[in-house]
Amino acid sequence: MTVTIVGSQLGDEGKGGVVDLYGDAADVVARYQGGDNAGHTVVYDGDKYKLSLVPSGAVRGKVGILGNGCVVNPETLFEEIDTLRERGLDPDIRVAERAHTILPYHRVLDGIEEDEKEDLAAGTTKRGIGPTYEDKMGRRGIRIGDLLDPEVLRERLEYVVPQKKALAEDVFGKETGEAFDIEHLYETYKDYGERLAEEGMTVDAGTYLQDRIDEGDNVMLEGAQGTSIDIDHGIYPYVTSSNPTAGGACVGSGLGPTVVGQGEVIGVVKAYLSRVGTGPLPTELGGVEGQTPEYTGDGAGDEDEEELATYIRDEGGEYGTVTGRPRRVGWLDMPMLRHAARASGFTGLAINHIDVLAGLDEVEVGHAYEFEGEELLTMPPTTEKWGRCEATFRSFDGWPEVDWADVAEDGYEAIPENARTYLEYVADELGAPIYAVGVGPGREETIVLENPYDGE
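Residues numbered from 1 in each chain as written. Predicted model: local features only at pLDDT ≥ 70, side-chain atom pairs only at ≥ 80, totals over all residues. Heavy atoms only, no water.

**Observations concerning the UniProt feature "active site" (unreviewed entry) in the chain**
No. 1: With numbering matched to this structure, UniProt assigns "active site" (unreviewed entry) to Asp 12, His 40 and Lys 136. Spanning 125 residues, the named residues are also spread out in space, since their farthest C-alpha pair is 26.0 Å apart.
No. 2: Position of His 40 among the secondary structure elements: in strand E3 (residues 40-44).
No. 3: For His 40, a relative accessible area of 9% puts it in the buried group.
No. 4: Positionally, Lys 136 belongs in helix H4 (residues 129-137).
No. 5: Given the relative accessible area of 25%, Lys 136 is considered partly exposed. (UniProt positions renumbered as here; feature names shortened; annotations may be inferred. Helix = DSSP H or I, 4+ residues; strand = E, 2+ residues; numbered from the N terminus. Buried < 20%, exposed > 50% of the residue type's maximum accessible area, 1.4 Å probe, protein only.)

**Details of the sheet that holds strand E16 (residues 348-352)**
No. 1: If you trace the ten strands from one edge of the open sheet to the other, you get E9-E7-E5-E2-E10-E1-E11-E16-E20-E21, paired in mixed fashion. Of all the strands in the sheet, the pair left with one neighbour each is strand E9 (202-203) and strand E21 (446-448).
No. 2: Across four bridges, strand E2 (residues 28-31) lies against strand E10 (residues 219-222) in parallel orientation. What sits directly across from Arg 31, in E10, is Glu 222. (Pairing = 2+ DSSP bridges.)

**Focus on the environment of Glu 307**
No. 1: Of note, Glu 307 is situated in helix H10 (residues 303-315).
No. 2: Residue classification places Glu 307 among the exposed residues on the basis of a relative accessible area of 55%.
No. 3: On a C-alpha basis, the gap between Glu 307 and Gly 387 in space is 24 Å, while along the polypeptide they are 80 residues apart.

**Some points on the packing of aromatic side chains**
No. 1: Taken as a whole, this structure holds six aromatic pairs when the rule is applied.
No. 2: Their ring planes at 35 degrees and their centres at 6.3 Å tell us that Tyr 105 and Phe 180 sit as a pair that is tilted. One end of the pair, Tyr 105, is in helix H3 (residues 104-117); the other, Phe 180, is in the loop between helix H5 (150-171) and helix H6 (182-198), and 75 residues separate them in sequence.
No. 3: According to the relative accessible area criterion, Phe 180 is buried, its value standing at 4%.
No. 4: Seen from their ring centres, Tyr 189 and Tyr 192 are 5.1 Å apart, and the 80 degrees between their planes marks the pair as edge-to-face. Of this pair, Tyr 189 and Tyr 192 both sit in helix H6, three residues apart, roughly one helical turn. Pair check on accessibility: Tyr 189 and Tyr 192 agree, each one buried. (Phe/Tyr/Trp six-rings, centres within 6.5 Å; stacked < 30°, edge-to-face > 60°.)

**Some details on the sheet that holds strand E13 (residues 284-285)**
No. 1: Taken together, the three strands give an open sheet; going across it, the order is E12-E14-E13, and neighbouring strands pair in antiparallel fashion. A strand with exactly one partner marks an edge of an open sheet, and here the two such strands are strand E12 (273-275) and E13.
No. 2: Strand direction decides the pairing type here: E13 and strand E14 (residues 328-330), joined by two bridges, are antiparallel. If you follow Leu 285 over to E14, its bridge partner there is Val 329.

**What to know about the pairing of strand E7 (residues 92-96)**
Residues in a regular strand point their side chains to alternate faces of the sheet.
No. 1: Burial runs high along E7: four of the five residues are buried.
No. 2: Taken together, the four bridges between strand E5 (residues 63-66) and E7 define a ladder with parallel strand orientation. Across the sheet, Val 63 pairs through a bridge with Asp 92, a residue of E7.
No. 3: Taken together, the two bridges between E7 and E9 define a ladder with parallel strand orientation. Of the residues in E9, the one forming a bridge with Val 95 is Thr 202.

**A word on the side chain of Glu 13**
No. 1: Mapped onto the elements of the fold, Glu 13 is located in the loop between strand E1 (2-7) and helix H1 (15-22).
No. 2: Judged by relative accessible area, which is 0%, Glu 13 ranks as buried.
No. 3: Of note is the side chain of Glu 13, whose polar atom sits 3.3 Å from the backbone nitrogen of Ser 8.
No. 4: Here the side chain of Glu 13 touches Gly 11 through a polar contact of 3.0 Å, landing on its backbone nitrogen.
No. 5: When near neighbours in sequence (up to four residues on either side) are disregarded, Glu 13 contacts Gly 7, Ser 8, Gln 225, Gly 226, Val 268, Val 269, Lys 270, Asn 352 and His 353. (Polar contact = N/O pair within 3.5 Å; in protein donor to acceptor, adjacent residues only side chain to side chain. Contact = heavy atoms within 4.5 Å.)

**Concerning the side chain of Glu 264**
No. 1: Along the chain, Glu 264 falls in strand E11 (residues 264-270).
No. 2: There is a polar contact of 2.4 Å between the side chain of Glu 264 and the side chain of Thr 347.
No. 3: Apart from residues lying up to four places away in sequence, Glu 264 is in contact with Met 1, Thr 2, Val 3, Thr 4, Thr 347, Tyr 435 and Pro 452.

**Some points on the UniProt feature "binding site: Mg(2+)" (unreviewed entry) in the chain**
No. 1: Here, the residues flagged by UniProt with the feature "binding site: Mg(2+)" (unreviewed entry) are Asp 12 and Gly 39. In three dimensions, the annotated residues from a span of 28 residues occupy one location, with a maximal C-alpha spread of 8.2 Å.
No. 2: Look at Asp 12 and you get partly exposed, because its relative accessible area is 24%.
No. 3: Each residue touching Asp 12, except ones within four places of it in the same chain, is listed here: Lys 270, Ser 274, Arg 275, Val 276 and Arg 327.
No. 4: Along the polypeptide, Gly 39 turns up in the loop between E2 and E3.
No. 5: On the basis of relative accessible area, Gly 39 is assigned to the partly exposed category, the value being 27%.

**Regarding the confidence of the model for the chain**
No. 1: Averaged over the chain, the pLDDT score is 91; the fraction of residues at 70 or greater is 93%.
No. 2: Low pLDDT, under 50, characterises residues 294-300; the stretch is placed with 15 contacts to residues that sit more than four places away or in other chains. (pLDDT = per-residue confidence, 0-100.)

**Examining a negative patch on the surface**
No. 1: Where like charges cluster on the molecular surface, the negative patch consists of Glu 370, Glu 372, Glu 374, Glu 375 and Glu 390.
No. 2: Counting through the fold element by element, Glu 372 comes out in the loop between strand E17 (362-371) and strand E18 (374-376).
No. 3: Given the relative accessible area of 66%, Glu 372 is considered exposed. (Patch = residues over 30% accessible without salt bridge, like charges linked within 9 Å, V, L, I, M, F, W, Y side chains within 5 Å. Areas by Shrake-Rupley, 256 points an atom, 1.4 Å probe, with all protein chains shown as cover. Salt bridge = Lys/Arg side-chain N within 4 Å of Asp/Glu carboxyl O. Lys, Arg positive; Asp, Glu negative; His and termini not counted. Charge placed at Lys NZ, Arg CZ, Asp CG, Glu CD.)

Here you go:
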């Protein structure tokens, strides 16, 4: 069967930990979208592994697949594989031949275009993700399978590189170097293709995954980023360039919707809200310089709010895995979660980081929005309308700081009562049961109520 892991907010919900949690029962873990902008941290045997491309399950010896919906930087891929090998692991990673390749000019143009967009900048990691997806849709992309055929690779480069060079030089007035040099790119990426072939890493992802399912194996589909930065269902244009929602799991893996739909779809929820980048955030506490848009105010809030934001940011380690940038933080946003639950059809929830909020006298939740005198229970379809929404809050009594390791060992009933009230409110509003509750970063600090593979 399949289990699909979906971020329900703006990314950084702790999806890697959930993949790791349920990964023992999975034989294959497949990423279905995104690229090396998707930082995730996995704690295993007390060691911390920070990955940005390799699927989380690889740390535990599972076969990792980068599906056709991914964009792949071979340099990052091999750096991560080599680093894991240096740390004593032997990751088995396969890459879809239909996946698109990130090239150096994509990264250069990503940085140039972000700077040029100014107020419309999405706050990207400037790793070439968006420009690679643009080339995919423009039918001028270079796929992983093309790296295996030198003649095709050269043909593709000779077609696309002059366009990119002209864009950088003639439109943006920038000097270009080896990132736009056909011969350099050809030799470098031909070598990557040779390594992929030598190590037997390339596959037809959909066929490979379906064959494994037909053989009785369990497949986990791992999404990157979160629902509200989905290219179709998110806060456009402050979005990623792919579909983190469960529908993206079908398109980006090659498995049919009836296959994915017959499995479980777990929505991962952070007990509060965080994001890196610009765009409105109705439940935001305080602000982060350079990331808070003008139309939501100056993002400063009052002194108490700034102090609370800093407390949550530091307690939750809210700094980007890939970039180290401080994340914006806010209270839980229920309209956002209702939108995510509808878009992906959650069958269960994994709620993380309730320990971060411990010790607060009061915890608030953005239960609904007020928009031009009307109550909205879900996100409006345009970002401009969302930016004009005012969150209306519900307050919950806070819960004490406790020994969360003991709580994790003792189970759900050991969670402080007020925290359970908070958790059950979320489950009731989303119409999905709680499968797991994270009370710390380690796998052993997660309380498991349901294992999605048990019902197969």
